[in-house]
Amino acid sequence: MLPSLPEAVRRYLAEAADNIINPAYFRLDKNNRIMLCGGDLSQCGVQWVDITKPIDEQVDFLFGLLPNHDAPVVIRNAQTKREQFVDLHLFLDGGKQWVLLCNNTKAALQLQLEQQNRLNIDFINEKRIGYR
Amino acid sequence: MLQKKVCLLGSYAVGKTSLVRQFVDSIFSETYKTTIGVMIDKKNVKSGDNELTLVIWDVYGEDSHQSVAPAYMRGMAGYLLVVDLTRPNTLKSADALMKLVGKTVGDKPFVLVKNKVDLKDDWITESEDLRALEAVAFATIETSAKTDIGVDAMFEVLANALCVDARLSSDAT
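Cut-off values and rules
Residues numbered from 1 in each chain as written. Chains lettered and ligands numbered in written order. Predicted model: local features only at pLDDT ≥ 70, side-chain atom pairs only at ≥ 80, totals over all residues. Helix = DSSP H or I, 4+ residues; strand = E, 2+ residues; numbered from the N terminus. Buried ≥ 20, exposed ≤ 12 C-beta atoms within 10 Å, placed from the backbone. Contact = placed C-beta atoms within 7 Å. Nonpolar A, V, L, I, M, F, W, Y, C, P; charged D, E, K, R; others polar. Pairing = 2+ DSSP bridges. Axes fitted to C-alpha atoms, helices over the stretch in contact; angles between N-to-C directions. Expected span 1.5 Å × (residues − 1). pLDDT = per-residue confidence, 0-100. Core = buried A, V, L, I, M, F, W, Y, C linked by C-beta atoms within 7 Å. Left-handed = near helix turned anticlockwise from the far one by under 90°.

**Some points on the overall build of chain B**
- Helices and strands together make up the secondary structure of chain B, namely four helices and six strands.
- Each helix and strand of chain B, placed in order from N terminus to C terminus, yields the pattern β-α-β-β-β-α-β-α-β-α.
- In chain B, which comprises 173 residues, the proportion classed as buried is 46%.
- Across chain B, the fraction of contacts at a sequence separation of at least 24, relative to all contacts at a separation of at least 6, is 74%.

**Remarks on the interface of chain B and chain A**
- Between chain B and chain A, the contact holds 24 residues from the first and 25 residues from the second.
- Among the secondary structure elements, those contributing two or more residues to the side of chain B that touches chain A are strand S1 (2-10) and strand S2 (38-47) of chain B.
- The biggest single contributor to the side of chain B that touches chain A is S2 of chain B, with four residues.
- For the side of chain B that touches chain A, the class distribution of residues is eleven nonpolar, eight polar and five charged.
- Pairing geometry for strand S3 (residues 73-81) of chain A and S2 of chain B, over two bridges, is parallel. What sits directly across from Gln-79 of chain A, in S2 of chain B, is Met-39 of chain B.

**As for the sheet that holds S1 of chain B**
- Spatially, eleven strands are ordered S2(A)-S1(A)-S5(A)-S4(A)-S3(A)-S2(B)-S3(B)-S1(B)-S4(B)-S5(B)-S6(B) in an open sheet, and the strand pairing comes out mixed. Each of the sheet's edge strands pairs with one partner strand only, and the pair in question is strand S2 (34-39) of chain A together with strand S6 (139-142) of chain B. Sheet twist, expressed as the average angle between the axes of neighbouring strands with direction ignored, equals 30°.

**Structural notes on unusual backbone geometry**
- Cis geometry marks the peptide bond from Leu-66 of chain A to Pro-67 of chain A; its omega dihedral reads 0°.
- Positionally, Pro-67 of chain A belongs in the loop between S2 and S3.
- A positive phi angle, close to 55°, is found at Asn-77 of chain A, a residue other than glycine.
- The topology assignment puts Asn-77 of chain A in strand S3.
- Looking at Asn-77 of chain A, the number of C-beta atoms within 10 Å reads 21, which means it is buried.
- A positive phi is found at Lys-116 of chain B, a non-glycine position, where the angle reads about 70°.
- Along the polypeptide, Lys-116 of chain B turns up in the loop between strand S5 (110-115) and helix H3 (128-136).

**Section: the environment of Phe-61 of chain A**
- Tracing the chain through its elements places Phe-61 of chain A in the loop between S2 and S3.
- When the C-alpha positions of Phe-61 of chain A and Val-46 of chain A are compared, they lie 9.8 Å apart, and in sequence the two are 15 residues distant.
- Once residues within four sequence positions are removed from consideration, Phe-61 of chain A is found in contact with Gly-45, Ala-78 and Thr-80 of chain A together with Ile-40 of chain B.

**Some points on helix H1 (residues 7-21) of chain A**
- The end-to-end C-alpha separation of H1 of chain A is 20 Å, in line with the 21 Å expected for 15 residues at 1.5 Å each.
- For H1 of chain A, a buried count of one out of 15 residues is recorded, marking the element as mostly open to its surroundings.

**A word on the confidence of the model for chain B**
- Of the residues in chain B, 99% have a pLDDT of 70 or more, and the chain-wide mean is 94.
- Interface confidence for the predicted complex, expressed as ipTM, amounts to 0.90; the pTM equals 0.92.

**Remarks on the environment of Val-38 of chain B**
- Among the secondary structure elements, Val-38 of chain B is positioned in strand S2.
- Classification of Val-38 of chain B as buried rests on a count of 25 C-beta atoms within 10 Å.
- Here the alpha-carbon distance between Val-38 of chain B and Ser-169 of chain B, two residues 131 residues apart in the chain, equals 28 Å.
- Aside from chain neighbours lying at most four places away, what touches Val-38 of chain B is Asn-77, Ala-78 and Gln-79 of chain A together with Trp-57, Asp-58, Val-59, Tyr-60 and Tyr-72 of chain B.

**Points about the nonpolar core**
All names here are of chain B.
- Among the nonpolar cores identified, the biggest contains 75 residues, and Leu-80, Leu-81, Val-111 and Leu-158 are the most heavily contacted of them.
- Top element by residues in this core is helix H4 (residues 151-172). It accounts for eight residues.
- Not counting the four nearest positions on each side in its chain, Leu-80 is found in contact with Val-6, Leu-8, Phe-110, Val-111, Val-113, Met-154 and Leu-158.

**A look at the packing of helix H2 (residues 89-105) of chain B against H3 of chain B**
Residues and elements named next belong to chain B.
- For the pair H2 and H3, interaxial distance at closest approach is 9 Å and the crossing angle is 35°. The chirality of how H2 crosses H3 is left-handed. The residues of H3 that touch H2, namely those facing Leu-91, Lys-92, Ala-94 and Asp-95, are Asp-129, Leu-130 and Leu-133.
- Partitioned by chemical class, the residues of the contact of H2 with H3 number four nonpolar, no polar and three charged.

Here you go:
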């Protein structure tokens, strides 16, 4: 966290991270095997993991995304199970791969409501002016 | 078993989610519910003598306010490009998405999916955009998530495309 932020803001953000986004994380070796994991895995769509196997062979939504040798990758609102939305962050630190999962369900459901209303209007407009 | 990530791409409300729900759960709903982000499913598909597992990414549709983020295409082996021929604008969107795939992950095999064949009487019949897409697609298939026409077939054809692509890649190396 940025050291220039006041302590109260940092504390607030840390609490928000714990209480709102229920983060979970994996540190992986070059073969995508788990070196370290923790956080609220079940809130991020991961029920259990076998540390002897590559993570992308066990967690469907990570298949195809690893290994990550590039700049950080962010995939917003992956629906890992019904009405559970998770933001996926893939990044490198000290040559090690990290996967950070943040539960984003509350914001995603709100966004869905707004998007639904907007697209319903778009639909009506498309019909009114003709599809061409 | 061989496993591949595939995406469904297309404009909003062309029926991407309905196609996946019909394929995976054999259900269809008349109610349109917009997709946020991506819904991920998994199903085994036969391709000739082979069977492969498709990890299916049903990505939110393009609309006038948002385009598809390239990150969703990461690791994708092929894709279904879905259009609704009652809405010619969906062809423009499909063309833009095909170009975005090429720029992001390189050209990948795709099946052009003409969905809502149950509304075929309302389809456009002549389109330069359509002909251009058909010319570069691995195959074109007509589907209806509503009446379950062509749904299994489109995934099987894509699986064939992935097997052909894998064979070509191994021959090249």
